[in-house]
Amino acid sequence: MASRSPLARAFRGPVMNYARRPTCPCMPSLIISSRVFSTKGRIPPSASNSAGVAAFRGTSGPFGAHCVYKAGITACFVNVGSDHPSIIEAIVKGKRERPNSWPRMITCPSEITAISMADGYARVSGRPQAVIVHVDVGTQALGQGIHNASIGRAPVFIFAGLCPYTESGELPGSRTEYMHWLQEAPDQKAIVRQYCRYTGEVRTGLNVKQTIGRALQFANSTPKGPVYVASAREVLAQEIQPYSLDQEKWVPIGPSALPVDAVHDISTALVKAERPLVITGYSGRDLRTPELLAALADLIPGIRVHDTGGSDVCFPFSHIASEGFRLSFDECTRDADVIFLLDCDVPWIPSRNPPPKDATIYHVDSDPLNQQIPVSFFPAHGRWKADSFTALKQLVDYIKNDALLADTLRDPKYAARGVARAEVHTARLANIASQPRLGDQEALDAHNIGNLLKTSLPGSTTFVIEAVTSSQILSDQLQPSRPGSWINCGGTGIGWSNGAALGVKMALADLEEGGGHKPSLVCHVVGDGSFMCAAPSSALWVASKYEIPILTIVLNNGGWKAPRNSTELVYPNGLSTSASDDEINVSFRPTPNYAALAEAAAGSEIGWGNTTKDAKVWIKGVRARTVGDFKEALQEANSRVAKEGKGMLVEVLM
């Protein structure tokens, strides 16, 4: 007998015990709960039940939904519309009949919230989650989120409906409403094609599983990124016979290694260099890599490591080789004689801090040609497409075991270089420590905010940072050293962190539940310009509805500062240097009350004769003007967020 629906049918199959299946070589296995998110009383996955599988029937829509679950997608961030009747039927059926082996469905009022949550989840888990949007308008509403996932190398599976292609009831799913004539774009996939690793269309329910499987192969193959699949209502309503897909045959491309001669050349050059420098950007996404990069630095005293992307902890700040995080502009590039680029898009700014012309440069990356960046002319004497962890392991093993290099490293000059480097690092830390003004009545700035976050919050805190002009100072003060403890966007579409921080918390909670660990605190630090730019009320509402507890710090400096900085780099003596923020249109003054916005968006009863003391407020908003205010707020956050599992937003007036 034919089943009634093909995207739900792709969801059909035996219940997966996801705890037994590794999600990423850098992460522990996940245990996934299929109910709505909450850190309290979560339902464990049920045991495999083949009888339940046999009872599950549907059209193409349900088949696709179950297919993505079988492929490891356990959360769908949804913004449904008139193109999704079969999907909606599948969602209801799955929730009712197999709630513990069905993706969690998270309602997102804004598409930018949906894709950013999926992005954040992937940054932690290494695996894509699903986003469901509505025809061309929902696809467009993904906005800067699709850029962020692409540039930030975050795997995301996006599914969108297409307008029905029949209009007189010829097929189930045919046009039934006014908008079905208005939302038919000539090429809907073109809206996002240039940002996606793959775009495809399900044209028949007979291969819905294969189409989804192929898309996920691209999403999970390095360089990872978003994929987009669309399908019309008639296809999603198509009746098909049940069939299965062996997920073991739909795996991504495995990691690649360096050729033998490259291992020799890079190792020898780094060891024999006088001023060797490693520049990285994304290598810390694999949590095993920072330790290996530190091992490489330990083998070659005097080497320096510079992080230009700031999207992950690629190298421990506490290591004497660390040059910290700067957005590609740092003087360390000017005197290097050998430079090793490792998973890095922009190693320096050629017009500002280029390396010496006679420097030897090698580049190892999952995408060493920056295929999606048309103008990218960074020179290198050798480029290899290889996995950073695999390549580093090869280099470390070679240097350890090569007799000639071992003999070279016994030269006393290397020990002297190590001592000199330690002195430089100590002086740098002392300078950073001297910057914060910590008296209770002091005004707040990036230095004392970062210092207080580091000293007041638990050491297990994960920071999700989108502070733009304050990010580099915050990195200096927070000094992230634990892999995974600092997550930044990597892309440039501001507002990413509003949803990403929620996705990060969801993924961490799944990992912690699987490993039996105590829930860790997620601290979201965002500039007011970024916060305003991506539907903050949508993200706050989602956090409240699904009880995703995070601490949000909004840095309110009254608007955007980056455009002024950019203008002054081009016109250092221009009119903007004497212009007010209002004159250059970057002022947000009078500023919104972000603390009040948090409580309003979360659905509190404030303003209806209640106060924060007598109303049921899941997200509490407070404002801080001084160091003393901020200390008090962080003390409360430790109790409210970390212990009680509720949300809190602190608006910092800078």
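The preceding data block contains the structure.
Not measured: the values here are computed from a predicted model. (Residues numbered from 1 in each chain as written. Predicted model: local features only at pLDDT ≥ 70, side-chain atom pairs only at ≥ 80, totals over all residues. Heavy atoms only, no water.)

A.B. asks: Explain the overall build of the protein here, please?
C.D. replies: Within the protein one finds 22 helices and 18 strands. Across the 654 residues that make up the protein, the buried fraction comes to 58%. Counted over contacts in the protein with a minimum sequence separation of 6, partners at least 24 positions apart contribute 79%. (Helix = DSSP H or I, 4+ residues; strand = E, 2+ residues; numbered from the N terminus. Buried < 20%, exposed > 50% of the residue type's maximum accessible area, 1.4 Å probe, protein only. Contact = heavy atoms within 4.5 Å.)

A.B. asks: Sorry, what's going on with unusual backbone geometry here?
C.D. replies: What you tend to see is this: most non-glycine residues have negative phi, and most peptide bonds are trans. Following Thr222, the chain continues to Pro223 via a peptide bond in cis, the omega torsion being -5 degrees. As for its position among the elements, Pro223 is in the loop between helix H8 (208–220) and strand E6 (226–232). Positive phi is not limited to glycine here, since Asp343 has a value of about 45 degrees. Within the secondary structure, Asp343 is located in the loop between strand E10 (338–342) and strand E11 (360–365). Given the relative accessible area of 8%, Asp343 is considered buried.

A.B. asks: In this structure, what is going on with the packing of helix H11 (residues 289–299) against helix H12 (residues 388–401)? I would like to understand it.
C.D. replies: Helix-helix packing is characterised by the crossing angle of the two axes and by the distance between the axes. For the pair H11 and H12, interaxial distance at closest approach is 9 Å and the crossing angle is 25 degrees. When the axes of H11 and H12 are compared, the pair comes out roughly parallel. Remark: the crossing between H11 and H12 carries left-handed chirality. Between H11 and H12, the contacting residues are Thr289, Leu292, Leu293, Ala295, Leu296 and Leu299 on the first element and Ser388, Phe389, Leu392, Lys393, Val396, Ile399 and Lys400 on the second. For the contact of H11 with H12, a count of residues per class yields nine nonpolar, two polar and two charged. (Axes fitted to C-alpha atoms, helices over the stretch in contact; angles between N-to-C directions. Parallel < 35°, antiparallel > 145°, perpendicular 65-115°, else oblique. Left-handed = near helix turned anticlockwise from the far one by under 90°. Nonpolar A, V, L, I, M, F, W, Y, C, P; charged D, E, K, R; others polar.)

A.B. asks: How should I be thinking about helix H19 (residues 536–545) in this particular structure?
C.D. replies: Within H19, seven of the ten residues are buried, which leaves it mostly tucked inside the rest of the structure. Every buried residue of H19 is accounted for by Pro536, Ser538, Ala539, Leu540, Val542, Ala543 and Ser544. Note on H19: the residue one or two positions beyond its end, Glu547, has a positive phi of about 50 degrees.

A.B. asks: Please explain the packing of aromatic side chains as it appears in this structure.
C.D. replies: Two aromatic rings, taken as a pair, are described by how far apart their centres are and by the angle between their planes. Summed over the entire model, instances satisfying the criterion amount to six aromatic pairs. Geometrically, the ring pair formed by Phe531 and Tyr594 is edge-to-face, given 5.7 Å between the ring centres and 80 degrees between the ring planes. Note that Phe531 is positioned in helix H18 (residues 528–532) and Tyr594 in helix H21 (residues 594–601), a separation of 63 residues in sequence. Pair check on accessibility: Phe531 and Tyr594 agree, each one buried. A ring pair is formed by Trp560 and Phe588, whose centres lie 5.0 Å apart and whose planes are at 70 degrees; its orientation type is edge-to-face. (Phe/Tyr/Trp six-rings, centres within 6.5 Å; stacked < 30°, edge-to-face > 60°.)

A.B. asks: Looking at this model, I keep getting lost on a nonpolar patch on the surface. Mind explaining?
C.D. replies: A surface patch of nonpolar side chains, about 190 Å² in accessible area, is lined by Val80, Ile88 and Val92. Mapped onto the elements, Val92 comes out in helix H4 (residues 85–97). When its relative accessible area of 33% is taken as the criterion, Val92 is described as partly exposed. (Patch = residues over 30% accessible without salt bridge, like charges linked within 9 Å, V, L, I, M, F, W, Y side chains within 5 Å. Areas by Shrake-Rupley, 256 points an atom, 1.4 Å probe, with all protein chains shown as cover. Salt bridge = Lys/Arg side-chain N within 4 Å of Asp/Glu carboxyl O.)

A.B. asks: So what exactly am I meant to see when it comes to the sheet that holds strand E12 (residues 382–385) here?
C.D. replies: Consider a sheet: its strands pair through backbone hydrogen bonds, and that pairing is either parallel or antiparallel. Taken in spatial order, the six strands of this open sheet run E9-E8-E7-E10-E11-E12, and their pairing is parallel. At either margin of the open sheet sits one strand with a lone partner, and together these are strand E9 (322–325) and E12. Along the sheet, successive strands turn relative to each other by an average axial angle of 15 degrees, direction set aside. With four bridges connecting them, strand E7 (residues 276–280) and strand E8 (residues 304–307) associate as parallel partners. Within E8, the residue paired with Thr280 across the bridge is Asp307. (Pairing = 2+ DSSP bridges.)

A.B. asks: Help me out: how do you make sense of the sheet that holds strand E14 (residues 486–488) in this one?
C.D. replies: The six strands lie next to each other as E14-E13-E15-E16-E18-E17, forming an open sheet whose pairing is parallel. Edge strands, defined here as strands with exactly one partner in the open sheet, are E14 and strand E17 (619–624). Strand-to-strand twist in this sheet, taken as the mean axis angle between neighbours without regard to direction, amounts to 20 degrees. In the sheet, strand E16 (residues 551–556) pairs with strand E18 (residues 647–653) via six bridges, with the strands oriented parallel. Paired with Val554 across the bridge in E18 is Glu651.

A.B. asks: Before we go on, may I ask you to explain the environment of Val251 in this structure?
C.D. replies: Position of Val251 relative to the elements: it lies in the loop between helix H9 (233–236) and helix H10 (260–272). Residues Val251 and Gln217, 34 residues apart in the sequence, show an inter-C-alpha distance of 6.0 Å.

A.B. asks: Is there a simple way to explain helix H15 (residues 446–456) in this structure?
C.D. replies: Helical periodicity: at 3.6 residues per turn, an α-helix aligns residues three or four positions apart in one direction. All buried positions along H15 are accounted for by Ala446, Asn448, Ile449, Gly450, Asn451, Leu452 and Leu453. Residues of H15 that are buried sit in contact with strand E13 (462–466), helix H16 (471–478), strand E15 (522–527), E16, helix H22 (627–643) and E18. Residue Asp445 occupies the N-cap position of H15, its side-chain oxygen lying 3.1 Å from the main-chain nitrogen of His447. (Polar contact = N/O pair within 3.5 Å; in protein donor to acceptor, adjacent residues only side chain to side chain.)

A.B. asks: Even after reading the chapter, I still don't get the environment of Val525, so can you show me in this structure?
C.D. replies: Mapping Val525 onto the fold places it in strand E15. Classification of Val525 as buried rests on a relative accessible area of 0%. For the pair Val525 and Ala501, spaced 24 residues apart in sequence, the C-alpha to C-alpha distance is 9.3 Å. Excluding residues within four positions of it along the chain, Val525 makes contact with Leu453, Val464, Ile465, Glu466, Ala467, Leu474, Ile553 and Leu555.

A.B. asks: I keep staring at the side chain of Ser110 and nothing clicks. Help me out?
C.D. replies: Within the secondary structure layout, Ser110 lies in the loop between strand E2 (104–107) and helix H5 (111–125). Residues in contact with Ser110, not counting those within four places in the same chain, are Asn79, Ala535 and Ser538.

A.B. asks: Help me understand the pattern of salt bridges, please; the structure alone is not making it clear to me.
C.D. replies: Following the criterion strictly, the structure yields 28 salt bridges and no others. Ionic pairing is found between Arg285 and Asp312, a salt bridge with its closest N-O pair at 2.9 Å. Here Arg285 is found in the loop between E7 and H11, whereas its partner Asp312 is found in the loop between E8 and E9, with 27 residues between them in sequence. The salt bridge partner of Asp286 is Arg288, with a shortest N-O separation of 2.8 Å. The exposure class assigned to Asp286 is buried, which follows from its relative accessible area of 12%. For Arg288, a relative accessible area of 29% corresponds to the partly exposed category. Via salt bridges that share partners, Arg153, Asp343, Asp345 and Asp365 belong to a single interconnected network.

The analysis is restricted to geometry; functional conclusions fall outside its scope.
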